Amino acid sequence: MTLPPYAAILGITVEPGEEAPVLTMPFGDHVTGRPGFLHGGAIGGLLDVASIAALRQALAAEGGGRIKPVNVTVDYMRGGRDKPTHARGHVTRLGNRVANVEVIAWQDDETKPIAAARMNYLIVR
């Protein structure tokens, strides 16, 4: 799976998944905000890339298509600490022209997310 170049800057790795891939971003100076915590922009970037990966996987199963982001809403729930952060997207609607994706990011426990996002995309098939 090809990810946007920004994913490489964040150090994101991909583990394939049946429904959607799980992306992992390591902690390091390149994603640090205040000492010992992730920068909110890095968390937002991870959520963005995870939504793109989930949507591309869903589109590939239907013959492909190009995507254009329309709207994003990010909810920060707790501070990201100095450990790897994981994210997975879930396509909640895949129509002919519009897709909706929900994404969560977590560190130790997927049931305790540090952030979540809702993203809307236009699709050109």
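Above this text sits the structure in question.
The text that follows walks through the structure, step by step, so that each part is easy to find. Nothing here was measured: the structure is a model prediction, and the numbers come from that model.

Moving on to the environment of glutamate 110. Along the polypeptide, glutamate 110 turns up in the loop between β5 (98–106) and β6 (115–124). Remark: the alpha-carbon pair of glutamate 110 and alanine 60, spanning 50 residues in sequence, is separated by 26 Å. Discounting residues that sit within four places of it in the chain, glutamate 110 has contacts with Arg88 and Ile104. Within the structure, glutamate 110 has its side chain in polar contact with the side chain of arginine 88 (distance 2.5 Å).

This next bit is on the pattern of salt bridges. Counted by the stated rule, this structure contains four salt bridges. In this structure, arginine 125 and glutamate 62 form a salt bridge, with 3.1 Å as the shortest nitrogen-oxygen distance. One end of the pair, arginine 125, is in the segment after β6; the other, glutamate 62, is in the loop between α2 (40–60) and β3 (66–76), with 63 residues separating them in the sequence. Arginine 125 gets classed as partly exposed once you look at its relative accessible area, which sits at 44%. The closest approach of N and O atoms between aspartate 108 and lysine 83, which form a salt bridge, is 2.8 Å. One end of the pair, aspartate 108, is in the loop between β5 and β6; the other, lysine 83, is in the loop between β3 and β4 (85–94), and 25 residues separate them in sequence. You can call aspartate 108 exposed: its relative accessible area is 65%. Judged by its relative accessible area of 26%, lysine 83 falls in the partly exposed class.

About the thresholds
- Residues numbered from 1 in each chain as written.
- Predicted model: local features only at pLDDT ≥ 70, side-chain atom pairs only at ≥ 80, totals over all residues.
- Heavy atoms only, no water.
- Helix = DSSP H or I, 4+ residues; strand = E, 2+ residues; numbered from the N terminus.
- Contact = heavy atoms within 4.5 Å.
- Polar contact = N/O pair within 3.5 Å; in protein donor to acceptor, adjacent residues only side chain to side chain.
- Salt bridge = Lys/Arg side-chain N within 4 Å of Asp/Glu carboxyl O.
- Buried < 20%, exposed > 50% of the residue type's maximum accessible area, 1.4 Å probe, protein only.

By themselves, these are just geometric observations and shouldn't be taken as functional.
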